[in-house]
Amino acid sequence: MRWEKPIYIAKKVSGTEKDIYGNLITTYEEPKLYYFNVQPISSEVDLMEFGEKAKMIQKAVIPIAYQNIFSENDLAYLDGVKPNEEKVHGANANYRLYPPRNGNKVIIIYFERITGK
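Residues numbered from 1 in each chain as written. Predicted model: local features only at pLDDT ≥ 70, side-chain atom pairs only at ≥ 80, totals over all residues. Heavy atoms only, no water.

**With respect to the pairing of strand β1 (residues 5–10)**
- Relative to strand β4 (residues 32–36), β1 runs antiparallel, the two being bridged by five bridges. Pairing of Ile-7 across the sheet is with Tyr-34, part of β4.
- Examined bridge by bridge, β1 and strand β7 (residues 75–77) share three bridges and lie antiparallel to one another. Bridge pairing in β7 links Ala-10 to Leu-75. (Pairing = 2+ DSSP bridges. Helix = DSSP H or I, 4+ residues; strand = E, 2+ residues; numbered from the N terminus.)

So this is what it looks like as structure tokens:
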């Protein structure tokens, strides 16, 4: 499709592992490539829901075939960011997923920019 662009999503692995210092860390699967139409939010309803965070949110409306594929806190690589040369899956990700929402015959995913990297 004309508006679709490449994005990568790394699924969160259930549970945690310990790093070399004994700290519990979240781990992610290898990022997979998808082609979705992802845009900054602009509807009044979305802007009201996210308030001050609205500038950090992007949204994708994807086919229902992706139901139960993505989960809250999976990581995404948007705006041209790629998982190239990552030593740890998710290290280059710049967005985190909100819980996907069912919307009749589509799935709606909101992505929040990760800050402080």
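**Considering the packing of aromatic side chains**
- Scanning all chains against the criterion turns up nine aromatic pairs.
- With a centroid separation of 6.2 Å and an interplanar angle of 80 degrees, the aromatic rings of Tyr-8 and Tyr-77 are classed as edge-to-face. Taken as a pair, Tyr-8 in strand β1 and Tyr-77 in strand β7 lie far apart in primary sequence, 69 residues in all. Each member of the pair, Tyr-8 together with Tyr-77, is buried. (Phe/Tyr/Trp six-rings, centres within 6.5 Å; stacked < 30°, edge-to-face > 60°. Buried < 20%, exposed > 50% of the residue type's maximum accessible area, 1.4 Å probe, protein only.)

**Looking at the pattern of salt bridges**
- In this structure the tally under the stated criterion is five salt bridges.
- For the salt bridge of Glu-112 with Lys-53, the shortest nitrogen-to-oxygen distance reads 3.3 Å. Taken together, the positions of Glu-112 in strand β10 (residues 106–113) and Lys-53 in the loop between α1 (44–50) and β6 (57–63) put the pair 59 residues apart, joining distant regions of the chain.
- Looking at Lys-53, the relative accessible area reads 38%, which means it is partly exposed. (Salt bridge = Lys/Arg side-chain N within 4 Å of Asp/Glu carboxyl O.)

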